[in-house]
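# Fold and geometry: a report
Residues per chain are reported as follows:
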Amino acid sequence: VPETLANLAFGFAVVLQPDVLVFAFLGCFVGTAVGVLPGIGPLAGIALVLPVTFGLDATRAIVMLSGIYYGSMYGSSTTSILMRIPGAAASVVTCIDGYEMTRRGRAGPALFLTTIASFVAGTVSVVVLTAIAPPLAAFALRFGPPEYTALLMLGLLVLAFMSSGSMVRVLAMAVLGLLVGMIGIDPMTGHFRYSFGLAELGDGVSIVPLAIGLFGLGEILASAGLAARPAVRHPRLRDLVPSREEWRRSQGPIARGTVLGFLIGLVPGSGHIIASFASYALERKLSDRPEEFGHGAVAGVSGPEAANNAATSGAFVPMLALGIPTGPVTAVLIAAIMIHGVAAGPQLMVHHPDVFWGFVASMYVGNLMLLVLNLPLIGLFVALLRVPYPLLYPTIIMFCIVGVYQVNGSVVDVWIMLVAGVVGYLLRKLDFDIAPVALGLVLAPILELSLRQSLIMSNGNYAIFVQRPIAATLLALAAVLLALALWPTLTRGRDLRRRVAEPGVEPPPDLR
Amino acid sequence: MRADHVVGGALVLLALWVLAGSRDLPLGRLAFPGPGFMPGLLALLLLAFGVVIVLLGRTSPRLRDVRWQESRRAAVVFAIIALTTLAFQTLGFVLAVGLMLFVLVALVERQGLLFGLAFALTVVLASFYLFTRVLGANLPRGPLLPWLGF
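Residues numbered from 1 in each chain as written. Chains lettered and ligands numbered in written order. Predicted model: local features only at pLDDT ≥ 70, side-chain atom pairs only at ≥ 80, totals over all residues. Heavy atoms only, no water.

### Here's the deal with the overall build of chain A
Scanning chain A from terminus to terminus reveals 22 helices and 2 strands. Over its C-alpha trace chain A gives a radius of gyration of 22 Å, about what one expects of a compact globule, namely 24 Å for 512 residues. Taken along its principal axes, the extent of the C-alpha atoms in chain A is 70 × 55 × 55 Å. For chain A, the proportion of contacts with a sequence separation of at least 24, taken over those separated by at least 6, is 80%. Total accessible area computed for chain A in this model is approximately 18,700 Å², and 67% of it derives from carbon and sulfur atoms. Distance from the positive charge centre (30 side chains) to the negative charge centre (27 side chains) of chain A: 8 Å. (Helix = DSSP H or I, 4+ residues; strand = E, 2+ residues; numbered from the N terminus. Rg over C-alpha atoms; globule rule 2.2 N^0.38 Å. Contact = heavy atoms within 4.5 Å. Areas by Shrake-Rupley, 256 points an atom, 1.4 Å probe, with all protein chains shown as cover. Lys, Arg positive; Asp, Glu negative; His and termini not counted. Charge placed at Lys NZ, Arg CZ, Asp CG, Glu CD.)

Written as structure tokens, this is what we have:
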């Protein structure tokens, strides 16, 4: 503990430098704006700002980009509460009771409570991250290729198991992403794979154009020509204070949402989205007034918002300790520091303590900044929502093109974004989850390389995966998960996941 | 025809196409996989998942029940972005993206020709200044800027 505190103090010394603070503030500000505006998720926001960070060092780059990530989680609830349009996918659940609170004249308390929930969850989960990331990184030094192979396979199965839909559909999307990740030069033999004669594809398909296409452009195409947005209600500062009863009813959900969100954030997948749905289901189940859910229940707002913020910090644990991205956003963050010659993973804390501890300390500072940004400046962010959509989306498209082009200075990446946009649009319309595609692309090179390295280590003997204790444990967990998923099919019983999700937390049809 | 039949069928076709395209890649052996091993394995998995999705697709929404009301507008927006991408390096950022903004705002969204022109010029010139001068980005200049002496 004293060593961790000393390291954290070192991190604060790094992050409290005036220019680092400015980048943290910029990240939080842009993140809140990105979260408030429907159509630009955290990933598109980070990708658009990524080229700006090329001129910075790794610490400033990751402080700014991660600020956008957790800042967007704060901001996304604003649009959900005031307009019933989720600013980001993680806030879909907040639309249900948040907008009902607005209709009842309680928009101010809803915004206040979501900000407090985000702050408490964000801060508590960073404290937990501070405590567990260093020992986990030390433990991860024992990981070799077989352990990474087993961990990634477990991660993909967890992703499929945690999703509310069909496991086969999720796994198919993940395999599609893995297949896209095979494009490019084979790192072990130098063979060109599926490059279609384009030298630009030698390095493979980058996560930035694919993610901006799937999540950003796909969303813009899906919302093209939709009816005008509803009017924005703008609560005054003095209306923000919740009643004593609303406070009392929020405390438990915030605490439970924080724990649940952090744990879900640790596993690969869209943790912040799953966490908010799981928290809503849990609160509804535990509530003594479940009939209030869907009609302005405070717990239906504060719990999920705490959960999606805690999941954000949880997602940073495998990224920092193992160097494994839990989703597209953490993949882009890893890529952002790799550009500066810094590799995420167990060695990060040893070789670049300024980056590791500066980043951790920046999250404490960032959460405080966001608390200040989100309450007094709520009017400023609400004003953003008044920009007409016919002017907003062409501007977003311009930023998408520039952001994607800038990463490699290649127009091929813009074409990849376009193709991904159409695929994302169609999959969204046909009710398929697109997050596993992006995750598959990110994990593909690590999975293939670790599998082939494992086999070289063992002279072609697959028993290496069960002879090493950590790899064997991880694979056993994967087998248990697979058995749990297949059990209802074999016994015609009820799916465990469906039982947990009941009573239903499906968003209203117009929010899907 | 249902949504899962379409997606499952597309995944099967994609898997077959990948398998056909992998013939030139050495597969290696099970003990020592070559560059074609993993893509081949993934294509087979995708084929299997695609078939399962088609077979279990009876409960998915009917294709005609999926709301496609925005599809025509989405196709127009896509075509405009595709043309902008085609012209991006030849015409340069200012001309290609400026035209895209004008067409989207003035013609697609019908916000008025003059307003569309003013909006496109303001946004594209301000963005060009921000990206190239403030952020140091390297965007294609095209023939217009050198001709104007920039």
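Now that the structure has been shown, the text picks up again.
### Considerations on the packing of aromatic side chains
What characterises a pair of aromatic rings is the spacing of the ring centres plus the angle enclosed by the ring planes. Within this structure, the stated rule accounts for 18 aromatic pairs over all chains. Taking the centre distance of 5.7 Å and the plane angle of 45° together, the rings of A:Phe12 and A:Tyr364 count as tilted. Placement of A:Phe12 in helix α1 (residues 2-15) and of A:Tyr364 in helix α15 (residues 353-374) is noted, with a sequence separation of 352 residues between them. When the centroid spacing of 6.4 Å and the interplanar angle of 85° are considered together, the rings of B:Phe88 and B:Phe93 count as edge-to-face. Each member of the pair B:Phe88 and B:Phe93 is classed as buried. The residue whose ring lies beneath A:Arg169 is A:Phe432, and the NZ or CZ to ring-centre distance is 3.9 Å. Sitting over the ring of B:Trp68, A:Lys429 keeps its end group 5.8 Å from the ring centre. (Phe/Tyr/Trp six-rings, centres within 6.5 Å; stacked < 30°, edge-to-face > 60°. Buried < 20%, exposed > 50% of the residue type's maximum accessible area, 1.4 Å probe, protein only. Lys NZ or Arg CZ within 6 Å of the ring centre and 35° of its normal.)

### Re the layout of surface pockets
All names here are of chain A. Put simply, the second largest pocket is a space of about 1,400 Å³. Residue lining of the second largest pocket: 44 residues in total, with Asp-203, Met-338, Val-442, Pro-445 and Ile-446 positioned closest to the centre. Of all the elements in the fold, those that place two or more residues in the lining of the second largest pocket are α7 (145-162), β1 (184-185), α9 (207-222), α13 (328-338), α17 (389-408) and α19 (435-457). With 8 residues, the top contributor of residues to the lining of the second largest pocket is α19. Of the residues that constitute the lining of the second largest pocket, the class distribution is 28 nonpolar, 11 polar and 5 charged. (1 Å grid on protein atoms, 1.4 Å probe; cavity = no way out; pocket = protein on both sides within 12 Å on 5 of 7 lines; lining within 4 Å. Points joined across faces, edges and corners; volume = space filled by probe spheres on them. Nonpolar A, V, L, I, M, F, W, Y, C, P; charged D, E, K, R; others polar.)

### A short note on helix α5 (residues 92-103) of chain A
Residues and elements named next belong to chain A. Over its 12 residues, α5 runs 17 Å from end to end, which matches the ideal 16 Å to within 8%, given 1.5 Å per residue. Along α5, 11 of the 12 residues are buried, which leaves the element largely enclosed by surrounding structure. Of all the positions in α5, only Val-92, Val-93, Thr-94, Cys-95, Ile-96, Asp-97, Gly-98, Tyr-99, Glu-100, Met-101 and Thr-102 are classed as buried. Note on α5: the residue one or two positions beyond its end, Gly-105, has a positive phi of about 80°. (Expected span 1.5 Å × (residues − 1).)

### With respect to the interface of chain A and chain B
With 57 residues of chain A in contact, the opposing surface of chain B contributes 65 residues. Carbon and sulfur atoms make up 80% of the surface buried where chain A meets chain B, a total of about 5,300 Å² over both sides. When the buried surface of chain A facing chain B is broken down by residue, A:Tyr194, A:Met398 and A:Leu430 rank first, second and third, together holding 11% of it. Scanning the region where chain A abuts chain B turns up 2 salt bridges. Measuring nitrogen to oxygen at the nearest pair gives 3.1 Å for the salt bridge that ties B:Glu70 to A:Lys429. For the pair chain A and chain B, the number of links is 10 residue pairs in polar contact (both at pLDDT 80 or more). Of all elements in the fold, only α8 (167-180), β2 (192-193), α9, α17, α18 (411-429) and α19 of chain A reach the threshold of two or more residues within the side of chain A that touches chain B. (Buried area = accessible area lost by both parts, 1.4 Å probe. Salt bridge = Lys/Arg side-chain N within 4 Å of Asp/Glu carboxyl O. Polar contact = N/O pair within 3.5 Å; in protein donor to acceptor, adjacent residues only side chain to side chain.)

### Quick notes on the environment of A:Ala471
All names here are of chain A. Its place among the elements puts Ala-471 in helix α21 (residues 469-491). Owing to a relative accessible area of 0%, Ala-471 belongs among the buried residues under this scheme. It is 40 Å that separates the C-alpha atoms of Ala-471 and Cys-400, two residues lying 71 residues apart in sequence. If we ignore the near neighbours within four places in the chain, the residues touching Ala-471 are Pro-146, Glu-147, Ala-150 and Phe-465.

### Comments concerning the pattern of salt bridges
All names here are of chain A. Here the structure, examined in full by the defined rule, presents 15 salt bridges over all chains. Among the ionic pairs, Arg-193 bridges to Glu-448, the shortest N-O distance being 2.8 Å. Of the two residues, Arg-193 sits in strand β2 while Glu-448 sits in helix α19, which places them 255 residues apart along the sequence. Ionic contacts of the salt-bridge type, sharing partners, join the residues Asp-186, Arg-193, Glu-448 and Arg-452 into one network.

### Some words on the confidence of the model for chain B
Regions with low pLDDT should not have their predicted coordinates read in detail. All names here are of chain B. Looking at chain B, the pLDDT average stands at 89 and 97% of residues meet or exceed 70. Taking the mean pLDDT of every element in chain B, the minimum, 72, falls on helix α5 (residues 144-147) and the maximum, 94, on helix α3 (residues 71-108). Predicted as a complex, the structure gets a pTM of 0.81 and an ipTM equal to 0.93. (pLDDT = per-residue confidence, 0-100.)

### Section: the side chain of A:Thr78
Residue and element names in this part refer to chain A. Examined against the element boundaries, Thr-78 turns out to sit in helix α4 (residues 58-83). Under the relative-accessibility criterion, Thr-78 is labelled buried at 2%. Apart from residues lying up to four places away in sequence, Thr-78 is in contact with Val-36, Leu-111, Ile-378 and Val-382.

### Observations concerning the environment of A:Ile397
For A:Ile397, the location among the structural elements is in helix α17. Owing to a relative accessible area of 1%, A:Ile397 belongs among the buried residues under this scheme. Here the alpha-carbon distance between A:Ile397 and A:Leu217, two residues 180 residues apart in the chain, equals 7.3 Å. Apart from the residues within four sequence positions on either side, A:Ile397 is in contact with A:Leu217, A:Ile220, B:Val77, B:Ile81, B:Met100 and B:Leu104.

### What about empty space enclosed by the protein?
All names here are of chain A. What the rule picks out here adds up to 3 cavities of 30 Å³ or more. When its volume is computed, the largest cavity comes out at roughly 50 Å³. Lining the largest cavity are Tyr-70, Tyr-74, Gly-122, Val-126, Asn-309, Thr-312, Ser-313, Met-363 and Asn-367. Elements with a contribution of two residues or more to the lining of the largest cavity: α4, α6 (107-140), α12 (299-322) and α15. Top element by residues in the lining of the largest cavity is α12. It accounts for 3 residues. Of the residues in the lining of the largest cavity, the class split is 4 nonpolar, 5 polar and no charged.

### Digging into the side chain of A:Ser287
The topology assignment puts A:Ser287 in the loop between α11 (271-286) and α12. A polar contact of 2.9 Å, which involves the side chain of A:Ser287, links it to the backbone nitrogen of A:Arg289.

### Overview of the nonpolar core
One broad trend across soluble globular proteins is that nonpolar side chains are buried collectively. A:Leu129, A:Phe316, A:Leu320, A:Val360, A:Ile397, B:Phe93 and B:Met100 are the most contacted members of the largest nonpolar core, which totals 206 residues. Formed by 6 residues, the second largest nonpolar core is a distinct cluster that contains A:Val93, A:Tyr280, A:Ala297 and A:Ala299. (Core = buried A, V, L, I, M, F, W, Y, C linked by side-chain atoms within 4.5 Å.)

### Observations regarding the confidence of the model for chain A
Across chain A, the average pLDDT comes to 82, with 90% of residues at 70 or higher. Low pLDDT, under 50, characterises residues 500-512 of chain A; the predicted model gives this stretch 23 contacts beyond four residues in sequence or across chains.

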